[in-house]
Amino acid sequence: MNRGLRMPLAMLAAPLAFFVAFFLAPLAVVILASLSDTANAWTLEQYVRVLADRYHWEVILVTFRIACLTTLVSLLLGYPLAWYLTRMVRWRAWRRVCVILLVVPMFTSNIVRSFGWMVLLGRKGLLNQTLLDGGLIDRPLRLLGTETGILIGMVYVLLPFMVLAIGNALSRLDASHELASADLGAPPRATFFHVILPLTLPGVISGCIMVFTLAVSAYVTPALLSGGRISVLSMLIFQQYSSVFDFHYGGALSVVLLIFTLVMVGFAGRIGRTRGDA
Amino acid sequence: MPARLLLRLVAWATLAYLLLPLLVILGASLTASPYLAFPPQGWTLDWYRQMLADPSYRAAFATSSQLALAATVLAVLLSVPAALAIARYRFPGRQAASALLMSPLVLPHIVLGAALLQFGGYFGLVRSFPALLIGHTVIVAPFVLRAVLTLLTPEQRALEEASYDLGASPWSTFWRVVLPQIRPGIVTGSIFAFISSWINVELSVFNTSTALNTIPVKLFNYVQYTIDPLIAAVSGATIVAAVLAILVLDFIGLDLLPDRK
């Protein structure tokens, strides 16, 4: 064997074997199951079942709408917060406290965080009580079991990922670019849109990919905040594997989710690359 | 300047939004009422006492900790050599190997959990600690790989080669030069790996049972049917654990969001 190949191969043998056996092989089993029926004959029947049914299209649409809105809202809230943390906070101790506040949710389970929102968003929850007492609404808002409720919980769970991705890009930004732009007479707004935003775009995109992929496949948060009224793709998948035990049909649903995720990741990566070259 | 003030207000509101649900849980876990109440009605630590007295919670905490620790150790053992091979050598299939080892970061965990359940079924490897460990190792290994890879820079390489030039063996170069250089990456990666395993539901939910349960899955199954101060106390305990972990990280000087240069 080529001498230059022996070392890397020896070092990669164990990790690659582990991933082939416990990652690729199980995924292959799912894909094969999705292409066959209970009699183990090859068929595309499972996909026809998924894609020919209006209900599934609605679930797919809801899943995507929630994931896209979660990404958008996280970006709109995350950019200002990242900006504030990296460029506006003067007092170091307060900055440390802020970063800790940002990271604590990341270190707690989705369950715990969603549970907090179940308490807050309920009919008699803190939010409704406050709004009622303040005379802002006449009767409690229904938030649990609506897409708005799921969105509030999802943004909450995923926002820290966005803030860290953008914050890292902002903190690496070379101050001389902005100074040059300002020296050349650009107003702050123009400097932001023509200099800072394009330079932090890779961070924005990696944050968006992270948030979107986690949102589109999220199970716990939608399951807890939907109150059984709304279904997303991951909930259908879980149902097939945990109670219906139809691995063929569940496999087809899993492959649909996988494909959607990979297409979005590839698409976002492409935007990042073309903009990065420009 | 109004724009700056607006930005500041948005940032503060967002921070409050991040803090609110955690405060609600911690508050609700201290209520003296027999039902969940926020603001708490009277103060008591009874719910925490009740949690500690329940062997099933103690067992779940133990399972979660052992699982996270074992998965992290396994992830380090697999990812450190992989990172060195990927950063040091040019060989055919290098990109593919790296993509494969990183892909659990973007693939839906629920799909992987389902896949491992079905796959494990062929070998009788379901609802057992090894089944949980395998799945958790797959999803946490990329954190270590990514953290170590970012430290394997050309500057790091130069020191490694200096060590060889000075006559050190590969073994002693690894222990005395490379390992100290990548140690911060191993530490950061391990922390993210440990946490991701510790809080995972999507993967564990397929391979847990009443006898073998992790804390998040136990919470998940409970919260769907009953909401009481006891469950708030269990959640509160995990929040306290998270805060302690972060304070330790802060203390050892890990900066999650680097300061501006």
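Residues numbered from 1 in each chain as written. Chains lettered and ligands numbered in written order. Predicted model: local features only at pLDDT ≥ 70, side-chain atom pairs only at ≥ 80, totals over all residues. Heavy atoms only, no water.

**Overview of helix H4 (residues 92–103) of chain A**
Right, on to step 1. The first and last C-alpha atoms of H4 of chain A sit 17 Å apart over 12 residues, in line with the 16 Å expected at 1.5 Å per residue.
Right, on to step 2. The set of residues buried in H4 of chain A consists of Arg95, Cys98, Val99, Ile100, Leu101, Leu102 and Val103 of chain A.
Right, on to step 3. For H4 of chain A, the secondary structure elements touched by its buried residues are helix H3 (54–88) and helix H7 (147–172) of chain A together with helix H1 (2–28) and helix H10 (229–251) of chain B. (Helix = DSSP H or I, 4+ residues; strand = E, 2+ residues; numbered from the N terminus. Expected span 1.5 Å × (residues − 1). Buried < 20%, exposed > 50% of the residue type's maximum accessible area, 1.4 Å probe, protein only. Contact = heavy atoms within 4.5 Å.)

**What to know about the interface of chain B and chain A**
Right, on to step 1. Contact residues are listed per partner, giving 83 residues for chain B and 89 residues for chain A.
Right, on to step 2. Of the roughly 8200 Å² buried at the junction of chain B and chain A (both faces included), carbon and sulfur atoms supply 80%.
Right, on to step 3. At the junction of chain B with chain A, the criterion picks out zero salt bridges.
Right, on to step 4. At the boundary of chain B with chain A, the tally comes to six residue pairs in polar contact (both at pLDDT 80 or more).
Right, on to step 5. Of all elements in the fold, only H1, helix H3 (55–88), helix H4 (94–102), helix H5 (109–121), helix H6 (129–149), helix H8 (170–198), helix H9 (215–223) and H10 of chain B reach the threshold of two or more residues within the side of chain B that touches chain A.
Right, on to step 6. Examining the composition of the side of chain B that touches chain A, we find that 16 residues originate from one element, H1 of chain B, more than from any other. (Buried area = accessible area lost by both parts, 1.4 Å probe. Salt bridge = Lys/Arg side-chain N within 4 Å of Asp/Glu carboxyl O. Polar contact = N/O pair within 3.5 Å; in protein donor to acceptor, adjacent residues only side chain to side chain.)

**Quick notes on the environment of Leu219 of chain B**
Right, on to step 1. Mapping Leu219 of chain B onto the fold places it in helix H9.
Right, on to step 2. You can call Leu219 of chain B buried: its relative accessible area is 1%.
Right, on to step 3. Placed 11 residues apart in sequence, Leu219 of chain B and Thr208 of chain B show a C-alpha to C-alpha distance of 12 Å.
Right, on to step 4. Setting aside chain neighbours within four positions, we find Leu219 of chain B in contact with Ile111 and Val112 of chain A together with Ile231, Val234 and Ser235 of chain B.

**Topic: the packing of aromatic side chains**
The way to describe two aromatic rings as a pair is by their centre distance and the angle between their planes.
Right, on to step 1. Taken as a whole and judged by the stated rule, the model has 23 aromatic pairs over all chains.
Right, on to step 2. Linked through ring pairs, Tyr219, Phe238, Tyr241 and Phe247 of chain A together with Phe206 and Phe220 of chain B together constitute an aromatic cluster.
Right, on to step 3. Directly above the ring of Trp83 of chain A sits Arg87 of chain A, whose terminal nitrogen or CZ lies 4.4 Å from the centroid.
Right, on to step 4. Its end group placed over the ring of Tyr57 of chain B, Lys218 of chain B keeps NZ or CZ at 4.7 Å from the ring centre. (Phe/Tyr/Trp six-rings, centres within 6.5 Å; stacked < 30°, edge-to-face > 60°. Lys NZ or Arg CZ within 6 Å of the ring centre and 35° of its normal.)

**Let's talk about the nonpolar core**
Right, on to step 1. With 168 residues, the main nonpolar core has Leu81, Tyr84, Phe107 and Phe115 of chain A together with Phe220 of chain B as its most contacted residues.
Right, on to step 2. Sorting elements by how many residues they give to this core places H3 of chain B first, with 15 residues.
Right, on to step 3. Those residues in contact with Phe220 of chain B that sit more than four places away from it in its chain are Ile111, Tyr219, Val220, Ala223 and Leu224 of chain A together with Val201 and Val205 of chain B. (Core = buried A, V, L, I, M, F, W, Y, C linked by side-chain atoms within 4.5 Å.)

**Focus: the UniProt feature "transmembrane region" (unreviewed entry) in chain B**
Residues and elements named next belong to chain B.
Right, on to step 1. Here, the residues flagged by UniProt with the feature "transmembrane region" (unreviewed entry) are residues 67–87, 99–123, 129–149 and 230–252.
Right, on to step 2. Annotation note: span residues 67–87, helix share 100%, strand share 0%, distance between end C-alpha atoms 29 Å.
Right, on to step 3. In residues 129–149, helix accounts for 100% and strand for 0%; the two terminal C-alpha atoms are 30 Å from one another. (UniProt positions renumbered as here; feature names shortened; annotations may be inferred.)

**Digging into the domain arrangement of chain B**
Residue and element names in this part refer to chain B.
Right, on to step 1. Once the domains are mapped, chain B shows domain 1 (21–53 + 226–254) and domain 2 (71–223).
Right, on to step 2. Its C-alpha centre places domain 1 at a distance of 31 Å from the equivalent point of domain 2.
Right, on to step 3. With 11 residues of domain 1 at the contact, the number on the domain 2 side is seven residues.
Right, on to step 4. Across the domain 1/domain 2 interface, buried area totals approximately 840 Å², and carbon plus sulfur atoms make up 78% of it.
Right, on to step 5. Put simply, domain 1 and domain 2 have zero salt bridges between them.
Right, on to step 6. Put simply, domain 1 and domain 2 have one residue pair in polar contact (both at pLDDT 80 or more) between them.
Right, on to step 7. Partitioning the side of domain 1 that touches domain 2 into residue classes produces seven nonpolar, three polar and one charged. (Domains from an automatic or database assignment. Nonpolar A, V, L, I, M, F, W, Y, C, P; charged D, E, K, R; others polar.)

**Points about the UniProt feature "domain: ABC transmembrane type-1" (unreviewed entry) in chain A**
Right, on to step 1. Mapped onto the present numbering, the UniProt feature "domain: ABC transmembrane type-1" (unreviewed entry) falls on residues 60–268 of chain A.
Right, on to step 2. The span residues 60–268 of chain A carries 79% helix and 0% strand; its end-to-end C-alpha distance comes to 19 Å.

**A look at the confidence of the model for chain A**
Right, on to step 1. Averaged over every residue, the pLDDT of chain A is 84; the share at 70 or more is 95%.
Right, on to step 2. Put simply, helix H12 (residues 247–277) of chain A is where chain A has its lowest mean pLDDT, 77, and H3 of chain A is where it has its highest, 91. (pLDDT = per-residue confidence, 0-100.)

**Brief notes about unusual backbone geometry**
Right, on to step 1. Here the phi dihedral of Phe245 of chain A falls at roughly 60°; this positive angle occurs in a residue that is not glycine.
Right, on to step 2. Secondary-structure assignment places Phe245 of chain A in the loop between helix H11 (233–244) and H12.

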